[in-house]
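As a plain string of letters, each chain reads:
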Amino acid sequence: MAAFNLSLDPAQIEITLKPNAVFTEAYNITNNSTSTLLLSSSVSAWVPADKEGGVLYQDTVDPPLIFSLSNTDLKLGQDFTLKAGQKKQLVLKIINPSDEIKDYYLTFFISQKPYTQIQSGHQNLAKIGSHLLITTGQQSSPLSNFKVSKLNISPKFKDIFIPLTISGEIANDGQHYNHIDGQLTIYKNNQIFSEHSLFPYTVIPSSSRLIMCVNPDSEAVPCRLKIPLWPGKYQGLITLNGNATKYEYPFSFFVFPYTLTIFILFIFFLFALILKNKR
Amino acid sequence: MKSKFIIISSLLLLYLSTSLIHAQHFTSDSYIIDWGNFNLTSGRKTSVNYRLTDTVGQNAPGFSEGDSLRIKAGFQYIYDMSRVISFTIDKLNIDFGTLVPGIGVTDTNLLTVTTPSGRGYQIMAQENHPLWINSSNFIPNATCDLGDCTATLSSPWTSSSKYGFGYNVTGIGATAYFPGSTYFRPFADFSQNQESVIVASESKPVKDRQATVTYRVLVSPLQSAGNYENYITYTLVPRY
């Protein structure tokens, strides 16, 4: 039975286009299945759906950008076949005819079409997309305007033997998308206790992304402080670079030896009970 | 004789002192590109104390800016081992066979996803129309046991008296949408102008992540005989 197995490279591009700029991007499409696929290409606009990079496709006004394929044998939207194991390169051409300063969020889709003798085929179909994040305007490197919009340090009772998780959100109050470029630093007694780089998520204007840290494998992981933690007051600082002025978000928390105290009290009461029984 | 020896020795010395030029040849249906630059080496190196990611030999890595555009080309902003997104559906034809009123029939699809480094994914689904012979003769979309499931909300559907066509998805990425294997919902219906809805998603990169779609159809004794058909479109996009 026919299967679908398609790969698309790259999965996302981010560009800034000045007025009248022309940009081309080569997309490599590979049919990894054992059957021929009938495909077509298209571009659709999206809006952010959540704080984790999800997207929502809506009926939106077409952007003024002009999209076409530079391939000599194919137009955008035109059907093409890809045989089993075959690769094809589609070169997407984007022209910015306007001098408007704006961001556009789009997806370049490769859509499967029914490849059957009967045109009213009833087979399931698949689409695979690659995001395009485009800023238009005269500025080549627009500044970001990021801020920490939420911060939470859990658990509520901070114990020396329980790892602390620092979570929250970073909001983009600017006009253009940008990447988070920042650090989380924890100080104890005015000395650096731990330092973490924040994961460089893309944040779209008027939206926010969750604060995550980068692990040694460059993956996004929750920002956690390793145990044991010395009891006392800790100060934290989230620093965001890329804004017009350096942004700093200070916070503090207190770690108390709850478990140790409970254990000592338990031992104390146990001894007290034994002594009482002996008397 | 001496001058010949000097010339030959000089040529030999010149040949031995040169290094190889690493060039790259690309072809496609539309283009042939001969490119004079190619990484000599790149990758991830580890030792007991250090981790190193490198790209050696690339002439213009990273940020590029021209008169009218700016490009962040796949270098180590985050360590991009892979830029490829891929999507597999194990079979494209779902055949329920001959349906018996009051007896639910199921079939499954296995969806497999691989995402690029640093990015999660979302899979969306939509039907072109309900299972139908024509627009006036159709199997209704499932409403589940309590009549409360919708295209965006799943609920238990085990009853043999609640007729319809619906689906469940199991897998790590689907738990937020389908709490269990008995939770079903109808597909978003394109003919009713319903947008494609998310059926599985994750915010972390995945390799060969699988999700199983279980289709269920249950017809009433009053359902007309005939071939009921529709198709489901699955859409995979990365998280931005």
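Position numbers for residues count from 1 along each chain, tracking the sequence in the order it is written. By the order in which they are written, chains take letters starting at A while ligands take numbers starting at 1. Since the coordinates come from a predicted model, pLDDT governs what is reported: local features require at least 70, and pairs of side-chain atoms require 80 or more to be given and counted, while whole-chain, interface and lining totals use all residues.

Q: Explain the overall build of chain A residue by residue, including any values.
A: Along its length, chain A carries one helix and 22 strands. The reference for a compact globule is 2.2 Å times residues^0.38; the radius of gyration itself is calculated from the C-alpha atoms. In terms of C-alpha radius of gyration, chain A reaches 27 Å, well past the compact-globule figure of 19 Å for 279 residues. Reported as C-alpha extents along the three principal axes, the dimensions of chain A are approximately 100 × 50 × 30 Å. A total of 279 residues make up chain A; the buried ones form 30% of that total. Excluding contacts between residues fewer than 6 apart, the proportion of contacts in chain A whose partners are at least 24 apart in sequence is 69%. For helices the rule is a DSSP run of H or I covering at least 4 residues; for strands it is a run of E covering at least 2, with both sets numbered from the N terminus onward. Counting other C-beta atoms within 10 Å of its own, a residue is labelled buried from 20 upward, exposed at 12 or fewer, and partly exposed in the gap between, with every C-beta atom placed from the backbone. We call two residues in contact when their backbone-placed C-beta atoms lie within 7 Å.

Q: Would you mind going over the interface of chain A and chain B in detail, with residue names and values included?
A: Where the parts come together, the accessible area they lose is often given as the size of the interface. Taken residue by residue, the interface counts 49 residues in chain A and 49 residues in chain B. Where the side of chain A that touches chain B is concerned, the elements lending two or more residues are strand S1 (4–9), strand S2 (12–17), strand S5 (55–57), strand S8 (87–95) and strand S10 (125–136) of chain A. Counting residues per element, the side of chain A that touches chain B draws most heavily on S10 of chain A, which supplies eight residues. Side-chain classes follow a simple rule in which Ala, Val, Leu, Ile, Met, Phe, Trp, Tyr, Cys and Pro form the nonpolar group, Asp, Glu, Lys and Arg form the charged group, and the remainder, Gly included, forms the polar group. For the side of chain A that touches chain B, the per-class residue count stands at 21 nonpolar, 21 polar and seven charged.

Q: Kindly report on the sheet that holds strand S6 (residues 66–69) of chain A, identifying the contributing residues and their values.
A: In this analysis, strands are considered paired if DSSP registers two or more bridges between them. Taken in spatial order, the eight strands line up as S6(A)-S8(A)-S3(A)-S1(A)-S7(B)-S8(B)-S16(B)-S13(B) in an open sheet, and their pairing is antiparallel. Each end of this open sheet is capped by a strand with a single partner; those strands are S6 of chain A together with strand S13 (164–170) of chain B. In this sheet, neighbouring strand axes are inclined to one another by 20° on average, regardless of whether the strands run parallel or antiparallel. Of the pairings in the sheet, the one linking S1 of chain A to strand S7 (residues 85–89) of chain B comprises five bridges and is antiparallel in character. By the bridge assignment, Leu8 of chain A is partnered in S7 of chain B with Ile85 of chain B. For helices, the axis comes from a line fit to the C-alpha atoms of the stretch in contact; other axes are also lines fit to C-alpha atoms, and the angle between any two N-to-C directions lies between 0 and 180 degrees.

Q: Tell me about the domain arrangement of chain A, and please be specific about residues and values.
A: Residue and element names in this part refer to chain A. The domain boundaries here were taken from an automatic or database domain assignment. Each assigned domain of chain A is listed with its residue range as follows: domain 1 (6–136) and domain 2 (146–260). On the side of domain 2, 11 residues touch domain 1, which itself brings eight residues to the contact. Residue classes in the side of domain 1 that touches domain 2 are distributed as three nonpolar, two polar and three charged.

Q: So what's going on with unusual backbone geometry? Residues and values would help.
A: Residue Asp9 of chain A is joined to Pro10 of chain A through a cis peptide bond whose omega torsion reads 5°. For Pro10 of chain A, the position within the fold is in the loop between S1 and S2. Positive phi values are uncommon outside glycine, yet Asn193 of chain B reaches one of about 60°. Among the secondary structure elements, Asn193 of chain B is positioned in the loop between strand S14 (183–184) and strand S15 (197–202). On the basis of neighbour counts, which here come to 8 C-beta atoms within 10 Å, the residue Asn193 of chain B falls in the exposed class. Here Asp208 of chain B, not a glycine, exhibits a phi torsion of approximately 50°, which is positive. Mapped onto the secondary structure, Asp208 of chain B falls in the loop between S15 and strand S16 (209–218). With 9 C-beta atoms counted inside 10 Å, the residue Asp208 of chain B sits in the exposed group.

Q: Outline the pairing of strand S22 (residues 247–255) of chain A, listing residues and values.
A: Side-chain direction in a regular strand flips from residue to residue, so the side chains alternate between the two faces of the sheet. Residues and elements named next belong to chain A. Taken together, the nine bridges between strand S21 (residues 232–240) and S22 define a ladder with antiparallel strand orientation. Bridge pairing links Leu240 to Tyr247 in S22. Connecting S21 to the next strand, S22, in antiparallel fashion are six residues, including Gly242 with a positive phi near 100°.

Q: Kindly report on the nonpolar core, identifying the contributing residues and their values.
A: Core analysis: the biggest nonpolar cluster contains 94 residues, and Ile123, Val169, Val199 and Leu236 of chain B have the highest contact counts within it. Tallying contributions element by element places S10 of chain A first for this core, with six residues. Not counting the four nearest positions on each side in its chain, Ile123 of chain B is found in contact with Leu111, Val113, Ile198, Val199, Ala200, Ser201, Ala211, Tyr234 and Leu236 of chain B. Put simply, a nonpolar core is buried Ala, Val, Leu, Ile, Met, Phe, Trp, Tyr and Cys residues tied into one set by C-beta atoms within 7 Å.

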